[in-house]
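Listed here are the chains, written in short residue letters.
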Amino acid sequence: MPGASILIWTQLTEGLISALREAGAWNDAAPPRIELAIPRERSHGDWTTNVALLAAKEAGEKPRALAEKLAAAFPRDAALFESVEVAGPGFLNFRYAPEFLDRLPSRILSEGENFGNSDAAQGLAIQVEYVSANPTGPLNVVNARAAAVGAALVRLLRATGHRAEGEFYVNDAGNQVDLLGASVAARFAERIGTERAFPDHGYLGSYVADLAAQLPEVEARRALADADGARWFRERSLEKMLAWQRSDLSDYGAEFANWVRESTLHGAGDVEKALASLEARGMIYRAIDPEIDCSGAPRGPEPDAPRDPATYVRSGRFGDDKDRVVVKSNGVPTYLLPDIAYHRNKRARGFRHTIDLWGPDHHGHILPLKASLAALGLEPDFLEVLIVQQVNLLAGGQPVKMSKRAGEFISLRDLMNDVGSDCAKFFFLLRSTSAHLDFDLDLARSRNDENPAYYVQYAHARIASVMRFAAGRGLAPLDAAAEAALDHPAEAALARQLAAFPEVVRGAATAREPHRIPAYLMETAAELHRFYHACRVVSEDAPRSRARLRLAAAAAVALRNGLSLMGVSAPERMEREAEVEA
RNA sequence: GCGCCCGUAGCUCAAUUGGAUAGAGCGUUAGCCUCCGGAGCUAAAGGUUACAGGUUCGAUUCCUGUCGGGCGCACCA
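Since this is a predicted model, take the numbers as computed values, not measurements.

A. Just the packing of aromatic side chains, in detail. Within the structure shown, the criterion is met by 16 aromatic pairs. Centre to centre, the rings of Phe188 and Phe233 are 6.2 Å apart; their planes meet at 50°, and the pair counts as tilted. Linking Phe188 in helix H6 (residues 175-191) with Phe233 in helix H9 (residues 229-252), this pair joins segments that are 45 residues apart in sequence. The pair Phe188 / Phe233 is uniform in exposure class, with both members buried.

Below is the structure:
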């Protein structure tokens, strides 16, 4: 049970349940919701709960009166809390005992890389599907954002006791890959001086020519001459594109346990099975128009010729605006059917829950897919979709012009080469996933104090430097000498900040909000710097030096673990811009 | 016409699932290095949380409406 010793949340919850029982405010049928938080206002204690406010009505008491009862009945652990106070309209505020904070650094050091972890989820199998870009071009900046967020989510979920895996879904069955193959074939023909028309809506990016240039020439010439050669170009281009994406993501630090190809679902008959399963549940019908349609979309002009009937899924019964076509009148499935089959497949592989990260242009698909999965009988909470909002790249204060159609855009690889992957990830994780992000390339490029990414790393490097200095004086943080009290306000403030880390990790994981981690780390770095300025660490007073070293080392653990959740390195040393140029 | 995301300090964004006096960074202003890394610290200025109602002990958060920005609304994926 790593980290559980400091997961005060559990202890508080259990204590409050016991106090609620004793106060007669516990109802087994409808237990009051217990919300615990770390108040931003210090004077409100180190932990706070509003449970008395929430439970008062049910218990038939005034909030403050109930709060008084709960404070009296709360099981006291003098080594953890020195006081439980009633405040305001009925808040309960808990205050750490000084000795808890004194001992905290040693406990954090012994937990090491496990500090911050908990087993709250008890091994729930959960999957995070992210990036899942079409294999028809380099990864773009939204993919880069999704990669940072998805990888961070997997780490956060693991840190909170989930069995979490990353997965990449490869859309290799659609006609876009045909188009890629045809585009590459045309570029190859161009390269060897043969005539071959470039396909309509073909991929125009320079990477297409790069792909063509890397083909084995003899085989490619043969395929070009062959009537069935399109398939060769298609397969070659697909594999090469996938290999590029794979290595880019790997270099970026985004790991995937599985790469699942849409083509394998077709090959294994999963798509037909999904359809059959829907049909067996009476969720399929054939018609010209959907039976349910409340979408409010403007009706197009009536087609001249009567259409043949298509196959619909009854998604409209499960919250969708309308029933959706799963097989077109020409017998070809729409995108929705393989998507349903894919998610059915995920569930069959034992995942109890899946989190899909989709791009901003896909939010219209959430409802149809969710409703279809409900029609299939999957648990309503099986699929959770997070939209990774768009990224606006700025340079010189102006939006960077990009043309997806012409294949001219900044890729993940460009971004890594330009600002570095640590910096890119830090910037992407700094903002909430659902909000549009302005990515200032000039700021990300800068290696000075204007760049927020370095602030946290610098705090870590600074601690490492103090450690080196102390080691030169024969001092180490793990010396088993008697623990001196932390009596300076800046020491206590830093220790309090460190105590909050497991709760921040827990909250970030449950809310699916990785941005809470960098926010916490920036606060922690600020506390560290304040402590550093207020308290000389290495002094003539050896016991005090050791206590402060322990505190600083514990702060380094929190910073390192937090950065690690983000996939960002925690350097032991950093060089300033001026030094780099010198 | 309908749906989704968003609207918070000059700029970029937070605000612990409805909590107490709305906070950071950048920018601006004024200070702090004989001393463990100044990529740092301290302080000041900056707000009717787009607007109008509603729900309640309590609203940036939830509901309704209006305005503004972005993205979607196919038998394309």
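Here the narrative resumes, following the displayed structure.
B. Structural context of the pattern of salt bridges. For the structure on display, the rule yields 32 salt bridges. Arg21 is paired through a salt bridge with Asp28; the nearest N and O atoms lie 3.8 Å apart. Its relative accessible area of 48% is what places Arg21 among the partly exposed residues. One salt bridge connects Glu190 with Arg187, and the closest N-O pair in it is separated by 3.1 Å. Within this pair, Glu190 and its partner Arg187 are both found in helix H6, separated by three residues, close to a single helical turn. In this structure Glu190 comes out as exposed when scored by relative accessible area, which is 53%. Using a relative accessible area of 18% as the deciding quantity, one classes Arg187 as buried. Taken together, the shared-partner salt bridges connect Glu129, Lys346 and Asp356 into one network.

C. Quick look at H6. Taking 1.5 Å per residue, 17 residues should reach 24 Å; H6 reaches 24 Å between its end C-alpha atoms and fits that length. For H6, the full list of buried residues reads Val177, Leu180, Gly181, Ser183, Val184, Ala185, Ala186, Arg187, Phe188 and Ala189. The elements touched by buried residues of H6 are helix H7 (206-213), helix H8 (217-225) and H9.

D. Geometry of the domain arrangement of chain A. Taken domain by domain, chain A holds domain 1 (4-96), domain 2 (133-167 + 256-387) and domain 3 (452-581). Taking only C-alpha atoms, the centre of domain 1 and the centre of domain 3 are 31 Å apart. Regarding the contact of domain 1 and domain 3, the summed buried area is about 780 Å², with carbon and sulfur atoms giving 62% of it. Taken together, the links from domain 1 to domain 3 amount to one residue pair in polar contact (both at pLDDT 80 or more).

E. Just the nonpolar core, in detail. Core analysis: the largest hydrophobic core is formed by 129 residues, its most contacted members being Phe428, Phe439 and Leu498. Residues within four places of Phe439 in sequence aside, it is in contact with Val391, Asn392, Leu393, Leu394, Leu415, Val419, Ala424, Phe427, Phe428 and Ala444. Of all hydrophobic cores here, the second largest spans 28 residues; its members include Tyr169, Met283, Val327 and Leu378.

F. Expanded view of the sheet that holds strand S2 (residues 47-49). Pairing is antiparallel across the open sheet formed by four strands, whose spatial order is S1-S2-S4-S3. The open sheet terminates on both sides in strands that have one partner only, identified here as strand S1 (36-37) and strand S3 (81-87).

G. Spatial organisation of the sheet that holds strand S9 (residues 310-313). Reading across the sheet, the three strands line up as S8-S9-S10 and stay open at both edges, with antiparallel pairing between neighbours. Strand pairing shows two members of the sheet lacking a second neighbour, strand S8 (284-287) and strand S10 (324-327), which therefore form its edges. Along the sheet, successive strands turn relative to each other by an average axial angle of 45°, direction set aside. Pairing geometry for S8 and S9, over four bridges, is antiparallel. Bridge assignment links Ala287 to a residue of S9, and that residue is Ala310. Running over the sheet, helix H12 (residues 336-348) touches S9 and S10 and is turned about 85° from S10.

H. Region of the structure containing the protein's contact with RNA strand B. Taken together, the neighbourhood of RNA strand B is formed by 67 residues, with Arg40, Lys328, Arg462, Ser465 and Glu575 sitting nearest. Ser465 is positioned with one of its side-chain polar atoms (N or O) 2.3 Å from a phosphate oxygen of RNA strand B. Between RNA strand B and Met574 there is a distance of 2.5 Å, counted from a base nitrogen to a backbone nitrogen or oxygen. Mapped by element, the contributors of at least two residues to the surface near RNA strand B are strand S4 (91-96), strand S15 (437-440), helix H17 (452-472) and helix H20 (516-534). In terms of residue count, the dominant contributor to the surface near RNA strand B is H17 (seven residues). Considered class by class, the residues forming the surface near RNA strand B number 27 nonpolar, 23 polar and 17 charged.

I. Quick peek at the confidence of the model for chain A. Looking at chain A, pLDDT values average 89 and 95% of them are 70 or higher. Averaged pLDDT values over the elements of chain A bottom out at 47 in helix H22 (residues 577-581) and peak at 96 in helix H11 (residues 270-280). Note on residues 578-582: pLDDT is under 50 here. Beyond four places in sequence and across chains, it has two contacts.

J. Local environment of unusual backbone geometry. Although it is not a glycine, Gln122 adopts a positive phi angle of roughly 50°. Considering the arrangement of structural elements, one finds Gln122 in the loop between helix H4 (98-111) and strand S5 (125-129). By relative accessible area, which is 71% here, Gln122 ends up exposed. One non-glycine residue, Val131, adopts positive backbone phi at about 65°. Summarising the element assignment, Val131 is placed in the loop between S5 and helix H5 (141-159).

K. Molecular detail of the side chain of Glu503. Along the polypeptide, Glu503 turns up in helix H19 (residues 501-510). Residue class for Glu503 comes out buried when judged on its relative accessible area of 12%. Not counting residues within four places of it along the chain, the set of residues in contact with Glu503 comprises Trp9, Leu36, Ile38 and Trp47.

Rules used throughout
Counting restarts for each chain: residues are numbered from 1 in the order of the written sequence. Labels are handed out in written order, letters beginning with A for the chains and numbers beginning with 1 for the ligands. In keeping with the model being predicted, local features are shown solely for residues with a pLDDT of at least 70 and side-chain atom pairs are shown and tallied solely at 80 or more, while totals for entire chains, interfaces and linings include all residues. Heavy atoms from the whole structure form the basis of all side-chain values; hydrogens and water molecules are not counted. Classification of ring pairs uses Phe, Tyr and Trp, with its six-membered ring standing for Trp, and accepts pairs whose centres are within 6.5 Å; under 30 degrees between planes counts as stacked, over 60 as edge-to-face, and the remaining range as tilted. Starting at the N terminus, helices and strands are each numbered in turn, a helix being any DSSP run of H or I of at least four residues and a strand any DSSP run of E of at least two. Note on exposure labels: buried denotes an accessible area under 20% of the residue type's maximum, exposed denotes more than 50%, and partly exposed covers the range between, all computed with a 1.4 Å probe on protein chains only. What makes a salt bridge here is a side-chain nitrogen of Lys or Arg within 4 Å of a carboxyl oxygen of Asp or Glu, nothing more. For a helix, the expected span equals 1.5 Å multiplied by the number of residues minus one. Contact definition: two residues touch when any of their heavy atoms are within 4.5 Å. The domain boundaries here were taken from an automatic or database domain assignment. Joining two parts hides part of their accessible area as seen by a 1.4 Å probe, and the buried area is that hidden amount summed over both. Residues adjacent in sequence count toward polar contacts only when both atoms are side-chain atoms; beyond that, a polar contact is any pair of N or O atoms within 3.5 Å, and within protein one must be able to donate a hydrogen and the other to accept it. By nonpolar core we mean a set of buried residues, namely Ala, Val, Leu, Ile, Met, Phe, Trp, Tyr and Cys, connected to one another through side-chain atoms within 4.5 Å. A pair of strands is labelled paired if DSSP reports no fewer than 2 bridges between them. Under this scheme, a helix contributes an axis fitted over its contacting stretch, all axes are lines through C-alpha atoms, and angles between N-to-C directions fall in the 0 to 180 degree range. Proximity criterion: a residue is near a molecule or strand once any of its heavy atoms comes within 4 Å of it. Residue classes follow a fixed rule: Ala, Val, Leu, Ile, Met, Phe, Trp, Tyr, Cys and Pro count as nonpolar, while Asp, Glu, Lys and Arg count as charged, and any other residue, Gly among them, counts as polar. Confidence scores per residue from the predictor, reported as pLDDT, run from 0 to 100.

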